[in-house]
Amino acid sequence: MTDSFLHYRNEPGNMNSLSSDAAWNITEGKDGSLWVATMGGGLNRWYLADRKAGREVFHKYQKAQGLQSNTIYAVLEDREGFLWLSSNRGLSRLDPSDGSLSNYDRFNGLKGDEFNAGAYLKTRAGQLYFGSAEGVLTFSPELLTKNQHPPDIVLSVRSREKLLASVSSNDTLVPEKLVFAYDDDYIDFSFTALDFASPHMNQYRYILKGFDKDWNTVRKQRSVTYTNLPAGQYVFKVKASNNDGVWNETGAALPFSVKPAPWLSPGAFAIYALLLGGLIYSYKKAQDRKQKLAQQYSAKLEAQVEDRTQELYERNQQLSHLNEMLKEMSVTDSLTGLKNRRYLYEFIEPRVAAVNRRVEDTQKDRVVSGKIDITPSIFFVMIDLDGFKPINDAYGHAAGDQVLMQVRDVLRASCRDSDVIIRWGGDEFLVVGENNNIHAAERLAERIRRNLAEFQYQVGEGHTVTLSGSIGFSMYPFSVHGKADQMSWEQVIAIADDASLHSEKEWPQCLGRRVRYAKEFLGRLRFGQCRSGFSCRQRTYLADHLAGLVERGRGGEAAEEAAEAGCLRETRLNDRTHPRFPVFCIFPARSRA
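Residues numbered from 1 in each chain as written. Predicted model: local features only at pLDDT ≥ 70, side-chain atom pairs only at ≥ 80, totals over all residues. Heavy atoms only, no water.

Draft legend 1. Structural view of the packing of aromatic side chains. A complete count under the given rule lists 25 aromatic pairs for this structure. Taken together, a centroid distance of 6.4 Å and an interplanar angle of 20° make the contact between Phe130 and Phe139 stacked. One exposure class covers both Phe130 and Phe139, and it is buried. Grouped by ring-pair contacts, the aromatic residues Phe180, Phe189, Phe191, Tyr204, Tyr206, Phe211, Tyr226, Tyr234, Phe236 and Phe256 constitute a single cluster. The cationic tip of Arg93 hangs over the ring face of Phe82; the distance from NZ or CZ to the ring centre is 4.3 Å. The residue whose ring lies beneath Lys339 is Tyr343, and the NZ or CZ to ring-centre distance is 4.8 Å. (Phe/Tyr/Trp six-rings, centres within 6.5 Å; stacked < 30°, edge-to-face > 60°. Buried < 20%, exposed > 50% of the residue type's maximum accessible area, 1.4 Å probe, protein only. Lys NZ or Arg CZ within 6 Å of the ring centre and 35° of its normal.)

Dropping the structure here:
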């Protein structure tokens, strides 16, 4: 055992907690229960079994259970096991076995109803003492007599206008049954117990059989009113107790009935049955006529449905055509009428998949040779117009739009019908097609370059200008052995775009001579095969070194070094006409044996 304290308090919302934090008195009963008297919370009982189990479950006795007040000052247990409770409204006796209560006040001989806290005593002889505002009350509980006489009961019934009947619990004859009309909407029952020892402590229970589901218990109320009772048979019964809780269980009873309204009488229902039969017959005839009309209407409706169906079909066809137009507009450049980037993402995947399948089939039967084979493949030609911005600045955006329309015509004339021309954005165009042979893409790039440079572009008011294009192209798959998993088609397009940028940067070194381009060093050598088996870091270093030579105007020297490393494949550039704007191609070189 350890010295410690446990606090028990009232917890709002917890019905099992102590009813009040203000405890006036604590008494242990013969059965081991703790009785806690509180201010404003009534009496609390904590059973021994709950206390030993550590369960904080307090059972409460309050005004709702029959106490005169919820403020209990003291609790004393007499020799018979009854509990005597002092309060500010008299004295009460509680039977712990069944929870029944008997209340005593000045009408039972007490000097006053107000007792004091802490003023109580039980002598060895069983005498009980309670201190009150009027002095000390002392008595021997076993000497108190109980009123054993069950009270007689008088029951009366009234309407709004008069008294209808009165019966007593002593009547031996069955009272005549009352009959109320359907419009008697007010019936009042009054009752009283003929016990005058403490009439204010008499209790009553009543029930209206046929209407109430259970007995109603009241103390001071001695009348009850029912309104608008439905038609039927009823019995009103009342019981009463005296001041000590002795009940007259026989009670007084008064039977009565309420007549139905004329429209709810048996005769009325017979008329209703006849009317219902006539209505059913009329309804059947009306339904027959309606069915005939419905058949006629159905035939007419079917014809209308057919017409409407045909109309909807035609509208659906129009809608499908409009959807196709909208779809076409979503993948078409609004200015040039060429395809846009979105179209590329929609159409390229099936073509790439077909190339991958052909590459896989080709790889099974290919005999490796020293010659590069780039078929089957897809080429991407990126065209970047040179000098387009000055046209916009000098002649205005309308003239620039006119020039772009003419560039579109030049590209269409330069490309094959199977090639797809895409306006990539601004002054950039992309041509996508399939290679028939190793030089197809190169010849197409040269043809586009030449046609763009030779065309005279109209800018309005009789003025013409010339344009050129920096062109780069590359092929998918981007692999010396035709492997499709080396790079994605998006990366191949990025290489072609990079090639067009290099073409624009490298044109000063192309004047008056043929330049051989080291394909792999501009592709950063990360995607090729080197004869010497360079590592990734070595290939990156070599690519940067060769690119630096080209930038310093030493392209020929760079090409020779790349050839020695086994990562160069030459391509001829048509520098006899318009050498200022070369075509630049990047694709992987093959190791030489």
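After presenting the structure, the write-up continues.
Draft legend 2. View of a nonpolar patch on the surface. Together, Tyr182, Trp263, Leu264, Phe269, Ile271, Tyr272 and Leu275 line one region of the surface with nonpolar side chains, adding up to about 740 Å² of accessible area. Note on placement: Phe269 falls in helix α2 (residues 266–330). (Patch = residues over 30% accessible without salt bridge, like charges linked within 9 Å, V, L, I, M, F, W, Y side chains within 5 Å. Areas by Shrake-Rupley, 256 points an atom, 1.4 Å probe, with all protein chains shown as cover. Salt bridge = Lys/Arg side-chain N within 4 Å of Asp/Glu carboxyl O. Helix = DSSP H or I, 4+ residues; strand = E, 2+ residues; numbered from the N terminus.)

Draft legend 3. Structural view of the nonpolar core. Within the largest apolar cluster, 29 residues are counted, with the highest numbers of intra-cluster contacts made by Ile383, Leu385, Val407 and Ile448. At the level of elements, β21 (378–386), α4 (388–395), α5 (397–414), β23 (428–434), α6 (440–454), β24 (457–460) and β26 (468–476) are the ones that each hand at least two residues to this core. Among the elements that make up this core, the one with the highest residue count is α5 (6 residues). Counting 26 residues, the second largest nonpolar core, distinct from the first, contains Phe191, Tyr206, Leu208 and Val238. (Core = buried A, V, L, I, M, F, W, Y, C linked by side-chain atoms within 4.5 Å.)

Draft legend 4. Expanded view of the sheet that holds strand β19 (residues 232–241). Spatially, 5 strands are ordered β14-β20-β19-β16-β17 in an open sheet, and the strand pairing comes out mixed. Here the strands that pair on one side only, and so sit at the sheet edges, are β14 (178–180) and β17 (216–218). Taking the axes of each pair of neighbouring strands and ignoring which way they run, one obtains an average angle of 25° across the sheet. Strand direction decides the pairing type here: strand β16 (residues 203–209) and β17, joined by 3 bridges, are antiparallel. Residue pairing for β17: Tyr206 is matched across the bridge by Asn216. (Pairing = 2+ DSSP bridges. Axes fitted to C-alpha atoms, helices over the stretch in contact; angles between N-to-C directions.)

Draft legend 5. Structural view of the pairing of strand β10 (residues 128–132). Most of β10 is tucked away, with 4 of its 5 residues classed as buried. Here strand β9 (residues 115–122) runs beside β10; their pairing, made up of 4 bridges, is antiparallel. Across the sheet, the residue bridging to Phe115 is Ser132, located in β10. What sits between the antiparallel neighbours β9 and β10 is a turn of 5 residues, in which Gly126 has the positive phi angle 95°. Note that β10 and strand β11 (residues 135–139) share 5 bridges and pair antiparallel. Residue pairing across strands places Phe130 opposite Leu137, the latter belonging to β11.

Draft legend 6. Layout of the side chain of Glu77. For Glu77, the location among the structural elements is in strand β5 (residues 72–77). For Glu77, which is buried and forms no salt bridge, the nearest opposite charge comes from Lys30, at a distance of 5.5 Å. Separated by 3.2 Å, the side chain of Glu77 and the backbone nitrogen of Lys30 make a polar contact. Those residues in contact with Glu77, other than ones at most four positions away along the chain, are Glu28, Gly29, Lys30, Phe82, Leu83 and Lys122. (Lys, Arg positive; Asp, Glu negative; His and termini not counted. Polar contact = N/O pair within 3.5 Å; in protein donor to acceptor, adjacent residues only side chain to side chain. Contact = heavy atoms within 4.5 Å.)

Draft legend 7. Spatial organisation of the pattern of salt bridges. If you walk through the whole model with that rule in mind, you get 16 salt bridges. Its salt-bridge partner being Arg308, residue Glu311 comes within 3.1 Å of it at the nearest N-O pair. Residue Glu311 and its partner Arg308 are located together in helix α2, separated by 3 residues, close to a single helical turn. Given the relative accessible area of 29%, Glu311 is considered partly exposed. Note that Asp419 is salt-bridged to Arg416, the shortest N-O span being 2.8 Å. Under the relative-accessibility criterion, Asp419 is labelled buried at 8%.

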